[in-house]
Amino acid sequence: MVPSGAVEGVLPGTAEGVPPAEADDLELYHPKSWVTKYVFSQDAKVIAIQYAGTALAIGFVALVLSWLMRLQLGFPGVFAFIDAATYYQFITMHGMIMVIYLLTALFLGGFGNYLIPLMIGARDMVFPYVNMLSYWVYLLAVLVLVASFFMPGGPTGAGWTLYPPQAILSGTPGGQEWGIILMLVSLILFIIGFTMGGLNYVVTVLQARTRGMTLMRMPLTVWGIFTATVLALLAFPALFVGAVMLLFDRVLNTSFFMPALVEMGQRLNYDGGSPILFQHLFWFFGHPEVYIVALPAFGIVSDLISTHARRNIFGYRMMVWAIVAIGALSFIVWAHHMYVSGMHPWFGFFFATTTLIIAIPTAIKVYNWILTLWRGDIHLTIPMLFAIAFIVTFVNGGLTGLFLGNAVVDVPLSDTMFVVAHFHMVMGVAPIFVIFGAIYHWYPKITGRMLDETMGKIHFWITFIGAYAIFFPMHYVGLMGVPRRYYELGETVSNLHSSDALNAFITVAALIVGAAQILFLFNLFWSLSRGRQVGGNPWRATTLEWQTPETPPRHGNWGKELPVVYRWAYDYNVPGADQDFVPQNQPTITRAA
């Protein structure tokens, strides 16, 4: 049997298995000043840090917004500055920032830029100037979004899905002011910037791999980011055209999504539009977006588990094809978000079936993670703790997804807090666990220093236990029938006294978890100068990013010569080897005496 990642008929550790270089080495742009080195940089590593810094900054804005929402839900009427309009604005901006401007930007723009060239043995992205432009367009999109907070009427309060017709009507906060316009313009800019970056990632993976780095020798992190980028390039155009058409409806009085309407006794200048069309466009983007975030997380978790359990990943090829299958299937499940929109029962049956089918490759990944851990030399480092927390949380969130994927069960649960709890477990908490684990794991490569372990463990346990203190009770509140999106529940039938107490408890837990992220932020900056200095490969990992001549890697990554790859990315505990890992660029296995 040929080892995974080997060339058939050739031993994986011999130079015979390495083809000659197919292209000349990439010619780098060398910065001439501090500005071109650190501000308008063409180095993918600097661009990655710019993406990550911007995404984390706007993410902390979303965190504060979630605190304000929870204060209203936990203690209604206590905080006079939170009225109905501001509450809906907080919901909208929190949701959009977290899904688009934090998670998507951080996984693809942050980790993608830093890890792809290093992991495939390239000097940089193939289009460095376009890569630089992609970040500045992203930053412009963030600034346009933030500007809506300071415009008359404030940001839009249409909900993060921006459903027409209410999104552009006067009864919605920001609907007839600048709020909705700036939101749509910001989304359009984000998609333009991402397209520049995304094409770069795809071409770099396909064309810039070093000698010996076949597709089936790439780390699963690269596979996850690569597949997610392809999904985004195919899915974001749907959101792009939806945003442009809705912007035209708002500014030019077209009727793409706006039917004939009467508002406050006045007939509006709309006729013949279809609000359901916008829902289809949004969710055709929206469900692949779940996997645009999840697939990089799957890849990163695979690498964290393999490295910190000192075990080769179980079923590498199966993991690769599961990533590809999930990506393909994600385009035929979108309408399970629309069961309550008046869908024909046969369509509901089709989308419920595809929703269950996509669980199969996802379950394969979970089984393979568990089998990788099985009988491994597990080191409970902070990255490993977050990786295990991700698996537990993703499985829990996936189980509630089986309920909501069934049309019959989804209809009564659709507008309850049960959906909020499910969505946050799968799309919020689980990917953020991976982000934390990845930062703790690759911080030594980026800075040459370790993050403080004591602060890291305090951060992990508060975040992990706190996340479950928030979202487990929220499932129960949803099953009680407590509706989502309500500013104040009042004396509604569903508002039992137990839900009042639970909402207050959830709010206190959310405030504590949010405060723990300040400790994480402090650790990031404190460790830049005070963290323990480490060598180039403190985790004793096999992948190429840990084999660079210098740490942190300089511009160009590899010095005069690019590395040559002789084996797959997961040679841990090879029988007879003198150490428990064999780097990808090591030509032969050194045998123990």
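1. Quick look at the overall build of the protein
The number of helices and strands found in the protein is 15 helices and two strands. Relative to a compact globule of 593 residues, whose C-alpha radius of gyration would be 25 Å, the protein shows 25 Å and is just as compact. For the C-alpha atoms alone, the extent of the protein along its principal axes is close to 85 × 55 × 50 Å. For the protein, the proportion of its 593 residues judged to be buried stands at 60%. Of the contacts formed within the protein by residues at least 6 apart in sequence, a portion of 78% connects residues at least 24 apart. With the model as given, the accessible surface of the protein reaches about 24,200 Å², and the carbon-plus-sulfur share is 69%. The averaged location of the 29 negative side-chain charges in the protein is 9 Å from the averaged location of its 27 positive side-chain charges.

2. Quick word on the pattern of salt bridges
Throughout the structure, instances matching the rule amount to eight salt bridges. Asp415 is paired through a salt bridge with Arg485; the nearest N and O atoms lie 3.3 Å apart. Of the two residues, Asp415 sits in the loop between α12 (407–413) and α13 (417–447) while Arg485 sits in the loop between α14 (453–479) and α15 (497–530), which places them 70 residues apart along the sequence. On the basis of relative accessible area, Arg485 is assigned to the partly exposed category, the value being 43%. Taking the shortest distance from any N to any O, the salt bridge between Glu550 and Arg554 comes out at 3.2 Å.

3. Structural notes on the nonpolar core
Within soluble globular proteins, side chains that are nonpolar tend to cluster in buried spots. Ranked by internal contacts, the top residues of the largest apolar core, which has 191 residues, are Tyr101, Phe111, Tyr138, Phe190, Tyr316 and Phe390. Per-element accounting of this core gives the leading share, 23 residues, to helix α3 (residues 84–120).

4. Observations concerning helix α5 (residues 178–207)
The end-to-end C-alpha distance of α5 is 43 Å, a good match for the 44 Å that 30 residues give at a rise of 1.5 Å each. By the criterion of burial, α5 is predominantly enclosed, with 21 of the 30 residues buried.

5. What to know about the confidence of the model for the protein
Of the residues in the protein, 94% have a pLDDT of 70 or more, and the chain-wide mean is 91. Here residues 1–15 is a poorly scored stretch, pLDDT under 50, and it has 24 contacts once near neighbours within four places are set aside; other chains count.

The rules behind the values
Residues numbered from 1 in each chain as written. Predicted model: local features only at pLDDT ≥ 70, side-chain atom pairs only at ≥ 80, totals over all residues. Heavy atoms only, no water. Helix = DSSP H or I, 4+ residues; strand = E, 2+ residues; numbered from the N terminus. Rg over C-alpha atoms; globule rule 2.2 N^0.38 Å. Buried < 20%, exposed > 50% of the residue type's maximum accessible area, 1.4 Å probe, protein only. Contact = heavy atoms within 4.5 Å. Areas by Shrake-Rupley, 256 points an atom, 1.4 Å probe, with all protein chains shown as cover. Lys, Arg positive; Asp, Glu negative; His and termini not counted. Charge placed at Lys NZ, Arg CZ, Asp CG, Glu CD. Salt bridge = Lys/Arg side-chain N within 4 Å of Asp/Glu carboxyl O. Core = buried A, V, L, I, M, F, W, Y, C linked by side-chain atoms within 4.5 Å. Expected span 1.5 Å × (residues − 1). pLDDT = per-residue confidence, 0-100.

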